[in-house]
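Summary of the model geometry
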Amino acid sequence: MSAPEVETTVTSARAPDQSAGVLRHPIVRLDAGHGAVLLADPALASTVTSTLADPRIDAYALSEGAALMIVPLPATVTEVTALQVRLQDQVLALQFADTAVATSAPWLQHPRVPMALAHASLNSRRQPLLALGNWPPFAPADGVRQVLRASGVLYVELDHLPDQLRLGSPGRWAAAIETGALSTGGYFVVADLPQGAHDVVLIGREGAGGALPLAAASSALLDHLSTLDAVQHIRQREALGRLAVRTESAVIASLVRDCQARRALPARIEQLGERVIAALDLALPVGDALLVVGRLDPLLDPAQLAIMPPTGTPIASPLQRLAPDRPEVAALVSIPGEMAGICTQVRGQFTAPNGQLLTLLSPLAPTTPELARAAILAAAPPVAWTEVALATLFGPALAHWQAAFVPLVTVADEMVFGTPPAEPVVSIIVPLYHDYSFLRAQLMAFAVDPDAPAVELLYVLDQPKDRLVVEQLLDGLTQALGVACRLIVLSCNGGYGLANNHGAALARGTGLVLMNSDVVPTSRGWISRWWQRHRQHDRIGASGPKLLYADGSLQHAGLFFARERLPWWINKHYHKGYPAAFPAAQQARAVPGVTGACLMIDRQLFRRLGGFNTGYVIGDFEDSDLCLRLRAEGFSIHYDSGETLFHIERSSMRHHTGYTETAAGRYNGWRQTQIWGHAIERLMADFSSEVPA
Amino acid sequence: MKVLHIAHGHPDFQAGGTELFAQALARHQASVGWQTQFLAAAPPRYRQINGGTALITPPSEAADFVMTGGDFDLLALSQKNFGFLAEFERVLSDLRPDVVHFHHLLMFGIEAIAVARRVLPAAKLVLTLHDYYALCANEGSLKRTDGTLCARSTPGRCLQCRPDATLVALRLRDLTIRAAFELIDQFVAPSAFLAAQLRGWGLPTARLRVIQNGHPASAAVPRPAPPQPTPDRPLRIGFFGNVVERKGVPVLLQGLAAAIARGAAPVSVQIHGSTQFAPSSLQSAIAADVERLGPHVQIAGTYAPDDVYRRIAGVDWVAVPSIWYENDPLVIQEAFHCRRPVLCSGIGGMAERVIDGVYGHHVAPGDPAAWADAILALAADPSRATTIGAQVPAAHSMATCADAYQEAYTAP
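Residues numbered from 1 in each chain as written. Chains lettered and ligands numbered in written order. Predicted model: local features only at pLDDT ≥ 70, side-chain atom pairs only at ≥ 80, totals over all residues. Heavy atoms only, no water.

As for the overall build of chain A
We count it as follows: The way it works is that DSSP assigns letters per residue, a run of H or I at least four long becomes a helix, a run of E at least two long becomes a strand, and they are numbered from the N terminus. In this setup the radius of gyration rests on C-alpha atoms only. A globule is expected at 2.2 Å times the number of residues raised to 0.38. The rule is simple: take the accessible area with a 1.4 Å probe, protein chains only, and divide by the maximum for that residue type; under 20% is buried, over 50% is exposed, in between is partly exposed. Any pair of residues with heavy atoms lying within 4.5 Å of one another is described as a contacting pair.
Helices and strands together make up the secondary structure of chain A, namely 15 helices and 36 strands. Scaling as 2.2 N^0.38, a compact globule of 693 residues should have a C-alpha radius of gyration of about 26 Å, whereas chain A reaches 39 Å, well beyond that. For chain A, the C-alpha atoms occupy an extent of roughly 125 × 60 × 45 Å along the three principal directions. Considering chain A as a whole, with its 693 residues, one finds that 56% of them fall into the buried category. Considering only intrachain contacts with a sequence separation of at least 6, the fraction spanning at least 24 residues in chain A is 73%.

Some thoughts on unusual backbone geometry
A positive phi angle, close to 55°, is found at E248(A), a residue other than glycine. Within the secondary structure layout, E248(A) lies in the loop between α5 (230-247) and α6 (250-263). Even without a glycine there, the phi angle at E139(B) is positive, about 55°. Inspection of the secondary structure assignment puts E139(B) in the loop between β8 (124-128) and α4 (155-161). Using a relative accessible area of 48% as the deciding quantity, one classes E139(B) as partly exposed.

Describing the interface of chain B and chain A
Put simply, the test is: Defined here as a combined quantity, buried area equals the accessible surface (1.4 Å probe) lost by two parts on assembly, summed across both. The salt bridge criterion pairs a side-chain nitrogen of Lys or Arg with a carboxyl oxygen of Asp or Glu, the two atoms within 4 Å. The term polar contact refers here to a pair of N or O atoms within 3.5 Å; inside protein, the definition further demands a hydrogen-donor-capable atom paired with an acceptor-capable atom, and it admits residues adjacent in sequence only when both atoms are side-chain atoms.
If you look at the interface, chain B gives 21 residues, while chain A gives 25 residues. Where chain B abuts chain A, roughly 1,800 Å² becomes buried across the two surfaces, and 73% of that area is made up of carbon and sulfur atoms. Counting every contact that joins chain B to chain A gives two salt bridges. At the junction of chain B with chain A, the criterion picks out seven residue pairs in polar contact (both at pLDDT 80 or more).

Thoughts on the packing of aromatic side chains
Let me state the cut-off plainly: Note on aromatic contacts: the rings of Phe and Tyr and the six-membered ring of Trp form a pair at centre separations within 6.5 Å, being stacked when their planes are under 30 degrees apart, edge-to-face when over 60 apart, and tilted otherwise. By definition here, charges over rings are those cases where NZ of Lys or CZ of Arg is within 6 Å of the ring centre and within 35 degrees of the ring normal.
Under the definition given, this model contains 22 aromatic pairs over all chains. Seen in terms of ring centroids, Y155(A) and F188(A) are 6.3 Å apart; in terms of plane orientation they differ by 20°. Their pairing is stacked. With Y155(A) in strand β9 (residues 153-158) and F188(A) in strand β13 (residues 187-192), the pair connects residues that are 33 residues apart, well separated along the chain. In this structure F188(A) comes out as buried when scored by relative accessible area, which is 0%. When the ring of F13(B) is compared with that of Y46(B), the centres are 4.7 Å apart and the planes differ by 55°; the resulting orientation is tilted. Taken as a pair, F13(B) in the loop between β1 (2-7) and α1 (17-31) and Y46(B) in the loop between β2 (35-41) and β3 (55-56) lie far apart in primary sequence, 33 residues in all. Here F13(B) falls in the buried class, since its relative accessible area comes to 16%. One aromatic cluster is present, formed by F21(B), W34(B), Y405(B) and Y409(B) through successive ring pairs. Positioned above the aromatic ring of W569(A), the side-chain terminus of R563(A) is 5.6 Å from the ring centre. Here the basic side chain of R589(A) rests over the ring of Y574(A), its NZ or CZ set 4.4 Å away from the ring centre.

Describing the pairing of strand β32 (residues 559-563) of chain A
The side chains of a regular strand alternate between both faces of the sheet. Residues and elements named next belong to chain A. Spelled out, the test is: When DSSP locates at least two bridges between a pair of strands, those strands are taken to pair.
Burial within β32 is extensive, with four of its five residues counted as buried. Both β32 and strand β33 (residues 569-573) contribute to a ladder of five bridges, which runs antiparallel. Looking across to β33, one finds that F561 is bridged to N571. Adjacent in sequence and paired antiparallel, β32 and β33 are bridged by five residues.

Details of the domain arrangement of chain B
All names here are of chain B. In plain terms, the rule: Note that the domain bounds were set by an automatic or database domain assignment.
With domains assigned, chain B is organised as domain 1 (2-214 + 397-410) and domain 2 (235-389). Using only C-alpha atoms to locate each centre, domain 1 and domain 2 end up separated by 29 Å. If you look at the interface, domain 1 gives 23 residues, while domain 2 gives 17 residues. For the pair domain 1 and domain 2, the summed buried surface comes to about 1,600 Å²; carbon and sulfur atoms form 58% of the total. The largest per-residue losses of area from domain 1 upon contact with domain 2 belong to K143, L149 and F193, which jointly make up 31% of the total buried on that side. At the surface where domain 1 touches domain 2, the tally comes to zero salt bridges. There are nine residue pairs in polar contact (both at pLDDT 80 or more) connecting domain 1 and domain 2.

Concerning the pattern of salt bridges
All chains considered together, the criterion is met by 41 salt bridges over all chains. It is possible to trace a salt-bridge network through shared partners that takes in E414(A), E456(A), R486(A) and R508(A).

Let's talk about helix α7 (residues 369-379) of chain A
Given 3.6 residues per turn, any residue in an α-helix points the same way as the ones three and four places further on. Listed in full, the buried residues belonging to α7(A) are P369(A), A372(A), R373(A), A375(A), I376(A), L377(A) and A379(A). The elements touched by buried residues of α7(A) are β17 (275-286), β18 (289-296), α8 (387-405) and α15 (663-688) of chain A.

What about the nonpolar core?
Rules: Buried Ala, Val, Leu, Ile, Met, Phe, Trp, Tyr and Cys residues form a nonpolar core when they are joined through side-chain atoms within 4.5 Å.
One finds Y459(A), F88(B), F108(B) and F181(B) to be the most contacted residues of the largest nonpolar core, which totals 149 residues. Looking at this core, the element that brings in the most residues is helix α12 (residues 368-380) of chain B, giving eight residues. Built from parts of two domains, this core gets at least three residues from each of domain 1 (2-214 + 397-410) and domain 2 (235-389) of chain B. Those residues in contact with Y459(A), other than ones at most four positions away along the chain, are V430(A), L432(A), L439(A), Q442(A), L443(A), L474(A), C485(A), R486(A), L487(A) and I488(A). Counting residues in hydrophobic clusters, the runner-up holds 57 residues, among them I429(A), V460(A), L559(A) and I601(A).

Quick word on the state of the cysteines
Let me state the cut-off plainly: Our working definition of a disulfide is a cysteine sulfur pair at a distance within 2.5 Å.
Using the criterion set out here, one finds zero disulfides over all chains in the structure. With no disulfide of its own, C338(B) lies closest to C344(B) among cysteine sulfurs, the gap being 17 Å.

See below:
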């Protein structure tokens, strides 16, 4: 028999009171480290509970004047004779009438004993909870309005919120608890629900708490949260967000995300009449970062706008204004832990100069890559897409979502009209999007061209919803005119680069001509003549013909790069707008690049290079990028003045003067310079010696 | 030889010069032992009236093919209805002619040329251009909407005439017509003037020839004696044709009014022909002129094609005051057949047919004062009608015309 560790030195002058110091019931082992002692005598119980000064011992008043003491009890101890308890002004010596350590006792079923034991565990801050096998029955907690549970989350609404609140069940306490006030009065509590929890108790300091009626708990947590008023709902989901972050629980994170989607709160902006004072226009996860774009009146201080993502912790840095031309536009990127993926809607809180508290809400972030990409492009006006903004905010965001988008563009269907040549020499790839009014002219030209038997015409429909219209048109025209073509239908609108890449992958010709849908030939035999010249020199990687606008002026006679107002290289065409007969445009020659509106390249070469770079968004700069890649491999680019076609260019926006001012245009241009800036500089230095006449 | 003649309309519906000539050539070739068939399109108001087919029999119950329906885009010269083209294809496959002779592209569309080439790879495709539809987006008239005559057609200039169209549509029209024309083996122009216009536009000379339109009734109807004006009645000038804007009737009437005001010798004008195709503004303008001119003008009303000779024989001069480049107006042939001299605008095919001073006189087109001068001169010298009338040539015969076409059909 060894003495309990608690034995302290007897220092009291007062002699132990024999009757007070004798405990009728033996110490009861609770678990490997704790024992319970019943103080049945009211005077003794009262003395101990009110003057206990020993940090290793807990004492709790039970009803009828009794008290319970929880004492450390090493597992190896089997008999306890005496116990010394330090009080404020004395040491109490207690003796056990029955010294053997008991393993159970009837008085443990006392109604208040479970709460005392739970508090002991709370105070000792130990995990796991005092293990008793089964919990003694707890009384039901007071003031519980409802209990909901779902996805590893326990949700409770209460009248009162106990201090030092703990939630737990046999085995463990909830690792994290978040609380908040209810707008209807009362409080809510969310906690990660212990695995397999079936008896959950909620306790606080001073004995508050009790068992939670889990049997009645509904799993309609998401529904309940959706029905709350907006303010309440946001408060609760942010609490859930904090819970998710603290527990690092993917399940709770997913619940937070679902909350936002289900409630689908509309965006909230602050306006003064027509003028927008403050708005959060976009909150979009980008990998493990969060992009936030908004507007803030130029006179207001961004530091006053606190942004709260659904993870429940405000973003530390303020929005940064992007451009002097549009000072109201501001954005930031933050890394909200690893939970960026659940941040589909953020809240903004702003103190107006008059002291009024304004609340903003961003629109719900889009869920698909295509919509996410569109949202980024629309989030801020093009002038706000400065070099810095592109490098730090929009560039990485677009790169991420474009990369997510690319694999979604696949070939959905393939059709044949008539009998195309089985082994064509050249395949013409024509992406179709939105405007099909040129098909007749293209097919008519094809119908009267002696090259037709050696040429495969391959249309790629980049707007699958128009599939029926295009099918009917091609069916009728190919039959009437006696031509053949193939039609590939994509799964969604992929853009110029992807449409051409998919077409090229299915093409059979040795050579490829990538042609816009609004390009119409003017002569017969143009393909064979051009192909012949293209192949004359091994080192020609790509070549392009003379293209004219509908009025007969020059649209393209070779492509070059220039630095103008924007801080990156833009693409331009030689002699654009000049009369078709302009002398310099009649000269076939090496050029920095050619337009993708009508471009000839060997199919295997195109394939080897991986086709167009799919990092450009929507369409543009893929053609110049391809030419730069060809140059990097040692090929030259050739302007073939011998063939002339019309490039009507009414419908395609790519070469509109307004295009370079769009967000996509700026991104693509910036990106090209990011990748090829130095190469372009050297290239244009080489070409500048031959100033076009 | 089996020939299929295609026109944009049937004489039963509207007896225009092109339709009449196409049908007449077909009849003539049949009369000398060829197998011919005439195919026409019905006016748009004739939708499909026979179940399951676009074909109908014309009102005269002649054994001609008439196709209804379709969806024709006038600006693009395009037949958009694939069903119509499929029906056209059916007719071609069943008939299997050696020669497909298009007299127009309206209603059938330039796609029809491609259909014909595809269905009958060995057949000769011949296109007679009776007007300027291939070059001109303003009803093929080469007359600009500002009133001037068009010297050179381009999509940009067409846009000036047709601001309701777009440059893109006009450019595509031009490109597709040129493409379709690659499939035509032989082009025929009824006048040297029209041939020159086409060459200027870029039609390859090697495949283009000039064949005057033959006149159908030249053999059947006896030629009357030249006009014999007498002092007891006014000099009679007759207009024959559909009264539409570009035929220039107001110019003639205003010239007459001015001539009378300047004290012309007795002269009157007869207007023979239908006004039903005239816009109401034109009809009211003419009515006003007629009102003012009183007994000097007679509205003689519509006439059946065969009746024209009797009516022409009842005038001394035939006036052709058209304000556009008439190519080969039927009325000039009819006038020559009746030994009547012609007073015409000095442009286009009119000027080519009517040698100035020999077969008639030229007048500045659209110029009422010039017409007044001309009418004054003719009224002052009635015997000139007899002199010139005696020397006008006979109408070009269908036999000669058909021979020339036979050569065209068999050219390599």
